[in-house]
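# Observations on the three-dimensional arrangement
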Amino acid sequence: MKLLVAALDSELSAFPADLPGFARLVTGPGKLKAAYGLTRALDAAQEAGAPYEEILVVGTAGAVGDELAADVYEVATAIQHDVQDLDGVPGRHVSLPERVQTGRPGLTIATGDSFVDDADAVARIRALGGELVDMETFAYVWVAGQFGVPIRVLRAVSDRAQDGATQIWDEVVAACSAQLRERVRAEYGV
């Protein structure tokens, strides 16, 4: 059994309630809710003697450059854009790794606990190497690594992380969910 994960119900609006071969988890937005929700689900599966064979995360992300089309992208690496170490170096956490990897080819996503919608934040994220921005991926990938469960992250570009992105997101989340559903159908046959 695989685990289909999203932060919000709206990101799964195009998916059927029961997807063959997948359990479903909605964690809530942000790194803490993502880490808590996924940890509980993986721990419960392990305790039941039926660990998940793969985690498939789907959801939206902002693009931090104009070069990415409004499409679905695979994530290879996740960084945190809203932390700094004891020396004040942005993107480095005091006790967590600077980068976490999915083990798959793809883009770098910058995770933080705020919705990015301004040019200054975009510039900081680009300087760290981020191509996409979201609020959960780093936590999902880190937790999956702690449990030794393979993880795959697919993100649909919902906005350009600039002024007005929050209003745009509300308008396009259903279309992003449909794009993600088509990708999952094509790649998993369900």
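Conventions we followed
- Each chain has its residues counted from 1, running along the sequence as written.
- Only residues with pLDDT of 70 or above have their local features reported here, since the model is predicted, and side-chain atom pairs are shown and tallied only from 80 upward, although totals for entire chains, interfaces and linings are computed over all residues.
- Side-chain metrics in this entry use all non-hydrogen atoms of the structure; hydrogen atoms and water are not considered.
- A run of H or I in DSSP counts as a helix once it spans at least four residues, and a run of E counts as a strand once it spans at least two, with each numbered from the N terminus.
- Any two residues having at least one pair of non-hydrogen atoms within 4.5 Å are treated as being in contact.
- The axes used here are C-alpha line fits, helices contributing only the stretch in contact, and every angle between their N-to-C directions lies in the interval 0 to 180 degrees.
- Roughly parallel means an angle under 35 degrees; roughly antiparallel, over 145; roughly perpendicular, 65 to 115; everything else is oblique.
- Here is the rule for handedness: rotate from the far helix to the near one, and if that takes an anticlockwise turn smaller than a right angle the crossing is left-handed, while a clockwise turn gives right-handed.
- For this scheme, ten residues count as nonpolar: Ala, Val, Leu, Ile, Met, Phe, Trp, Tyr, Cys and Pro. Four count as charged, namely Asp, Glu, Lys and Arg, and the remainder, Gly too, count as polar.
- The term salt bridge refers to a pairing of a side-chain nitrogen on Lys or Arg with a carboxyl oxygen on Asp or Glu at a separation within 4 Å.
- Under the scheme applied here, a residue whose accessible area is under 20% of the maximum for its type counts as buried, over 50% as exposed, and between as partly exposed, the area being computed with a 1.4 Å probe on protein chains only.
- A strand pair is defined by DSSP finding two or more bridges across the two strands.

## What to know about the environment of Phe138
Mapping Phe138 onto the fold places it in helix H3 (residues 137-147). Here the alpha-carbon distance between Phe138 and Glu98, two residues 40 residues apart in the chain, equals 9.9 Å. Those residues within four positions of Phe138 in sequence are excluded, and the remaining contacts are Ala78, Ile79, Gln80, Leu96, Pro97, Glu98, Arg99, Val100 and Thr111.

## Quick look at the packing of helix H1 (residues 31-47) against H3
Running from N to C, H1 and H3 point in directions that differ by 25 degrees, and their axes come no closer than 8 Å. Classified by the interaxial angle, the pair formed by H1 and H3 is roughly parallel. Here H1 and H3 pass one another in a crossing that is right-handed. Within the contact between the two elements, H1 uses Lys31, Ala34, Ala35, Leu38, Thr39, Leu42, Asp43 and Gln46 and H3 uses Ala139, Tyr140, Val143, Ala144 and Phe147. Residue composition of the contact of H1 with H3, by class: 9 nonpolar, 2 polar and 2 charged.

## What to know about the pattern of salt bridges
With the rule as written, the count across this model stands at 12 salt bridges. Residue Glu74 is joined to Arg183 by a salt bridge in which the shortest nitrogen-to-oxygen separation is 3.9 Å. Of this pair, Glu74 sits in strand E4 (residues 72-80) while Arg183 is found in helix H4 (residues 165-188), placing the two residues 109 residues apart along the sequence. By relative accessible area, which is 22% here, Arg183 ends up partly exposed. Between Arg155 and Glu136 there is a salt bridge, with the nearest N and O atoms lying 3.6 Å from each other. A residue pair is termed long-range when its members are at least 10 positions apart, and Arg155 in strand E8 (residues 151-159) and Glu136 in the loop between strand E7 (132-134) and H3 qualify at 19 residues. Three or more residues joined by partner-sharing salt bridges are found here, namely Glu74, Arg104, Arg152, Arg183 and Glu187.

## Looking at the pairing of E4
Of all 9 residues in E4, 9 are buried, a share of seventy percent or more. Two strands pair when backbone bridges link them, and E4 and E8 are joined in this way by 3 bridges, in the antiparallel orientation. Its bridge partner lying in E8, Tyr73 is registered against Arg155. Relative to strand E6 (residues 107-111), E4 runs parallel, the two being bridged by 5 bridges. Paired with Ile79 across the strands is Ala110, a residue of E6. In this sheet, strand E5 (residues 99-101) lies alongside E4 in antiparallel orientation, the contact comprising 3 bridges. What sits directly across from Thr77, in E5, is Gln101.

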